[in-house]
Every structure is written in C-alpha cells, then in structure tokens.
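# Descriptive structure summary
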Amino acid sequence: MPENAEESFKCCRCGTMFGREGRYSARCPVCGHECTPDHCRVVVASNEEY
C-alpha cells in the first residue's frame with residue numbers, strides 16, 4: 001500500500017466516503033448508517049488534498 005494511502009468506508013446507503021481510522025465499524029457522518037466491512041466497501045485512497 002502506498003505511504004500516502006488510508007482506508008476509508010464508502011457508505012452503502014448514501015455513497016459518502018469517510019475515514020476508517022483503523023476501526024472495525026463507524027457511523028456515516030451524513031446519513032448515520034453504521035458501516036462495517038461486511039456491509040460497506042472499504043476503499044484505499046490517497047489522503048493528500050488536491
């Protein structure tokens with residue numbers, strides 16, 4: 001994995017991507033859906049802002 005990449009959840013309900021930060025589950029900041037790797041896709045993306 002590239003050094004500037006981090007794992008994020010992509011919410012299966014609203015499509016928002018947000019930081020996973022090593023947690024197994026996290027609540028989507030937009031719709032409140034509880035995301036886990038079993039329900040929401042885990043995406044590896046750059047954490048650099050452009």
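Our structure's up above, just so we're on the same page.
Residues numbered from 1 in each chain as written. Predicted model: local features only at pLDDT ≥ 70, side-chain atom pairs only at ≥ 80, totals over all residues. Heavy atoms only, no water.

### So, the sheet that holds strand 2 (residues 17-19)
Heads up, the rule is: Two strands are said to pair when DSSP picks up at least two bridges between them. A helix here means a DSSP run of H or I that spans at least four residues, while a strand means a run of E at least two residues long, and both kinds are numbered starting from the N terminus. A fitted line through C-alpha atoms represents every axis, and for helices the fit uses only the stretch in contact; the resulting angles, taken between N-to-C directions, go from 0 to 180 degrees.
If you trace the three strands from one edge of the open sheet to the other, you get 2-1-5, paired in antiparallel fashion. The open sheet has two edge strands, strand 2 and strand 5 (41-46), and neither has a second partner. Within the sheet, the average angular offset between the axes of one strand and its neighbour, ignoring direction, is 45 degrees. Here strand 1 (residues 5-10) pairs with strand 2 via three bridges, running antiparallel. By the bridge assignment, K10 is partnered in strand 2 with M17.

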